[in-house]
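Structure assessment
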Amino acid sequence: MELLLIPFVFALVAMIIPQKAVRGYALIGALVSVVVGVVHAVNYVPSAEYFSIVEACTTMMGGKLPFFMKYGYDGIGLTMVLLTNVIVFLILLSNYDNQSIAASKKFVALVFFMQFALLGVFLSLDGLLFYIFWELSLIPVFLIFLWFGAKGKRRALMKFFIYTFIGSLAMLFSLIYIRSYAPSFAIEDLVAAQLTTVSALWVFGGFFIAFAVKIPLFPFHTWQPETYTKSPMAGTMLLGALMLKMALFGMIRWMIPLAPEALHCMTEVIVILGGIGVIYAAIIAIKQNDMKTLFAYASISHVGLIAAGIIVLSLDALTGAMVQIVNHSFVAVGLFLAADIIDRRLGHRNLLELGGIAQQAPKFAFWFAVIIFAGVSVPLTSGFIGEFLLIKGIYGYNWMYGVLIGTTLILACVYSFRAYQLSMFGPSKGFEFPDLTWAEWLSFFIVAIVVVFLGVYPQFLIDMVEPGLQKLIEIVNVK
Amino acid sequence: MLALIILFLTALVTLFVGFAKKPLLTLSLSVLGLLGTAAALICQWYHPSDFLSSYEGVNMDGFAILFSLVAIIFTILIIFSGFEQFKSRLDHTADYIGLLIFSLFGAIVMVSFQDMFMFFLGLEILSIPIYVMAGARKDDPLSSESSLKYFITGAFATGILLFGIAWLYGATGTFKIYEIQQFFMEAEQISSLAYVGLLFILSAFLFKIGAAPFHFWSPDVYDGAPAPVTGFMAAVVKLGAFGAFIKLFTIAFSELYDFWMPALTFLAILTMFVGNLSAIRQVRFKRLLAYSSIAHVGYSLITMVVLTNNSALNLWYYLFSYGFATIALITVQMIVNDREDRIEAFKGLGRANPFVGFVAVVALLALAGVPPLMGFFGKFLIFADAISQNPALIAVALLNSGIGIFYYLRTVIVILQKPGVDNEIEQSEFKTTPLQLIVLGICVLAMLFGGGLLMVH
């Protein structure tokens, strides 16, 4: 409960603090959440129960609401909570030098509110509550985008909101549809509901549309590059690092256990869509010259792989997916930060006009390289662990898909190194490029530490998520 | 009955106090009377037998009390928010308020009727003041057009309704709705007179609530009428008409469910699409509201299509949530006060007056059905209730909510935008009165926390 309340309170208080203190306040607020998250993680004991920690406020409300105020987490949920808190801290930290954004009360309040909604998504154990938080998370991103976005954003903004809203409505359909087979919206009841194959397909389909839009999977991705490019850096980070993780988490927590009857028709479809996304987006990324757009396509490519891995439902692939979810969040923050640093210093991000930055800003070049390596899954970074397990799992499902999707490792090298080479090396194009400030340096440093640490010692993360994943596979097999 | 008597006296007193030409006195007396009516209703709720609750033709049961209370709340809100406009014509303040209360009287009769005769009277008492009010801005041709249009089409619909009642009487031999129900239950063969009568009555209803294909009057009338009257039509008239509609069809025509259900299903879908698709292209705010209201009628009709034990309450809750959002938006429209009522005139509202802008955004999102606002729970209750019977209909309704988000969101963006430098539109001043702020405050509280009302539900 306090996990949820802290960001909410900080969001409210952010409206009334003095202007000068905003930036410091933001960092402290985020740090408090991180600490509370870590305390929860330290006290967490993996158990065989579906949800080890459950808090219900049902009695308080008299049980008359159409949903239960029921929160809780297992290892998976806790990982996501911790991830959210750390990433929010990183987002605020990396924006520290961006005066126009970081010193704005509105911005800080919105980020905390976003954190509140995200934690709600990861913690809620009631279908309707999940839906409410899911929709709630749309509002702060929308406002950040509207108030701080780039010029010509209106079209992208509408596209983004309508796409995701229609997706969520499909999910609402699924939720109330499955509710008519179950006594309440509580997740245990929904999981226990007996569906026919046809109705399971309806339920699965609704969830799938919602998640496919948000992830985004191949035919539903058209909102994403434009939105990422036009939104302010903090908005892109929130979207890329956290919001799409909501969808991946939703697949694990809601879509698969609720309607596993539909899996036998849908697995192949989703693996293929994911695979197409992986290759197609990577090829587009190779040709991009705007750094942010390039990373946006790279993101589509990476998450396609994760989605495909989740749906094949082997323990390896699921574990890989969790590792990769964490890894991708950190890498996304790092990459978008790098793009934004260039944008902030030079006013544009066009690769063809960049070059020679490494001579002027060696620190920046070094840390950027670390992030790029994690992005292309070099061993000893967490990207390697994640992608290796994912591809192993998909290979086990069908070796052909495994091989095809495995090409992502090569394609990722091509677009990432092209971006790095064009921007960092070569003759300088005659511009001043100051090196990193301490806040930027610290952000990069944290990202790099986490990525390398998880690459060397992923076991503690795997231990945390494994019982939950095993339980998931068990539920599917029973049905 | 006591409540009705108090209300009637209030309306009369309001009219006479008007001679004193003291707007504030008129206002306070009328609101006092309305509160008294509400108090009488609440007493009736707890002691049904004491307060002359039943009279031949009118019965204040729980259903009627719930609908009436909401209608009274909405009327008070509208009187508050429109007071500035009423006051600007000093000699007419009392007339406006008095007519509104008479119309409310009609609405309450309509939700508490027991026989078709009372029902018809209620409908007329509801409508005639609105015909007058719609033309209240006498110097504005649009307002006169609105009034004339509403009057002619409305009178026509009334004629059809009366004709339908006559056919029904021919088939069943009674006006009382419970006797009609009894008749249909026992009759071995139902004469086709009854079916014809039902169709006539149905079309008259669809006209009153503004459902497609009987909706053509509503954009013009909403657009031309003075803003408070538009709000009253959207909130109270719709509430009364829907209350009577569901009462008549769940009691008198419950046996003919199989006959009217398919027609209503089709019309619900049609109404949703017509409302949402037409709203997309609107540039004037009240027209947008009119089309959005058509779309909402479509959603509400779902409760009628899928009759369960909760239908009436769901409908009530839905109209409750819808009314708050609409009244808030109408109030905001009065604050913006653009002569041509363009949506673009809302530009910069969020900066010039953050509170009003916030309420407007919340109201728009509530209409769009974004959780956790009250509008979402209204939709949710209807959909969740209906989904096991008719999943396809709910899929269509959700698709329509998806279309709806487009025009609500566009307006939200306009409100939150910076005031443009290049625009040729002169900036409005966004003047507010304390009464309007109170109205907005009440509405926004209701929309934000109205979900909690479900605990009572």
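All values derive from a computational prediction rather than experimental measurement.

Turning next to the overall build of chain B. Regarding its fold elements, chain B presents 18 helices and two strands. The globule rule puts the C-alpha radius of gyration for 457 residues at 23 Å, and the 21 Å found for chain B is close to it. For chain B, buried positions account for 63% of its 457 residues. Looking at chain B alone, contacts between residues at least 24 apart form 81% of all its contacts between residues at least 6 apart. On chain B, roughly 16400 Å² of surface is accessible, and the fraction owed to carbon and sulfur atoms is 67%. Averaging the locations of the 23 positively and 27 negatively charged side chains of chain B gives two centres separated by 11 Å.

Looking only at helices and strands, chain A features 22 helices and two strands. Whereas a compact globule of 479 residues would reach a radius of gyration of roughly 23 Å, chain A reaches 21 Å, a difference of no more than 12%. Reported as C-alpha extents along the three principal axes, the dimensions of chain A are approximately 70 × 55 × 45 Å. Counting across all 479 residues of chain A, residues that qualify as buried make up 65%.

With that settled, the discussion passes to the packing of aromatic side chains. Aromatic rings considered in pairs are described by the distance between their centres and by the relative angle of their planes. Residues and elements named next belong to chain A. Enumeration according to the criterion identifies 74 aromatic pairs over all chains in this entry. With a centroid separation of 4.7 Å and 40 degrees between ring planes, the pair formed by F8 and F116 is classed as tilted. Of this pair, F8 sits in helix α1 (residues 2-13) while F116 sits in helix α5 (residues 105-123); the two residues are 108 residues apart in sequence, bridging distant segments of the chain. Given the relative accessible area of 28%, F8 is considered partly exposed. Look at Y25 and F112: their rings are 6.3 Å apart centre to centre, the planes differ by 85 degrees, and that puts the pair in the edge-to-face class. With a gap of 87 residues between them, Y25 in helix α2 (residues 22-43) and F112 in helix α5 connect regions that are remote in the sequence. Neither residue differs from the other here; Y25 and F112 are each classed as buried.

Before going further, it helps to spend a moment on the UniProt feature "domain: NADH:quinone oxidoreductase/Mrp antiporter transmembrane" (unreviewed entry) in chain B. UniProt tags residues 115-403 of chain B as "domain: NADH:quinone oxidoreductase/Mrp antiporter transmembrane" (unreviewed entry). Taken end to end, residues 115-403 of chain B is 79% helix and 0% strand, and its two terminal C-alpha atoms sit 40 Å from one another.

A few words now on a nonpolar patch on the surface. Residue and element names in this part refer to chain A. Residues L380, I449, V452, F453, V456, Y457 and F460 make up a contiguous nonpolar surface patch of roughly 670 Å² in combined accessible area. Among the elements that make up the nonpolar patch, the one with the highest residue count is helix α21 (residues 438-456) (four residues). With respect to the helices and strands, the residue V452 is situated in helix α21.

Moving on, we get to the domain arrangement of chain B. All names here are of chain B. Entries for chain B in the domain assignment read domain 1 (1-252) and domain 2 (259-264 + 272-457). Look at where the C-alpha atoms of domain 1 and domain 2 centre, and you get two points 22 Å apart. In this complex, domain 1 contributes 46 residues to the contact, which on the side of domain 2 involves 39 residues. Both sides of the domain 1 and domain 2 interface together cover about 3700 Å² of buried area, and 82% of this is carbon and sulfur. In this structure, the connection of domain 1 to domain 2 is made through three salt bridges.

Definitions and limits used
- Residues numbered from 1 in each chain as written.
- Chains lettered and ligands numbered in written order.
- Predicted model: local features only at pLDDT ≥ 70, side-chain atom pairs only at ≥ 80, totals over all residues.
- Heavy atoms only, no water.
- Helix = DSSP H or I, 4+ residues; strand = E, 2+ residues; numbered from the N terminus.
- Rg over C-alpha atoms; globule rule 2.2 N^0.38 Å.
- Buried < 20%, exposed > 50% of the residue type's maximum accessible area, 1.4 Å probe, protein only.
- Contact = heavy atoms within 4.5 Å.
- Areas by Shrake-Rupley, 256 points an atom, 1.4 Å probe, with all protein chains shown as cover.
- Lys, Arg positive; Asp, Glu negative; His and termini not counted.
- Charge placed at Lys NZ, Arg CZ, Asp CG, Glu CD.
- Phe/Tyr/Trp six-rings, centres within 6.5 Å; stacked < 30°, edge-to-face > 60°.
- UniProt positions renumbered as here; feature names shortened; annotations may be inferred.
- Patch = residues over 30% accessible without salt bridge, like charges linked within 9 Å, V, L, I, M, F, W, Y side chains within 5 Å.
- Salt bridge = Lys/Arg side-chain N within 4 Å of Asp/Glu carboxyl O.
- Domains from an automatic or database assignment.
- Buried area = accessible area lost by both parts, 1.4 Å probe.

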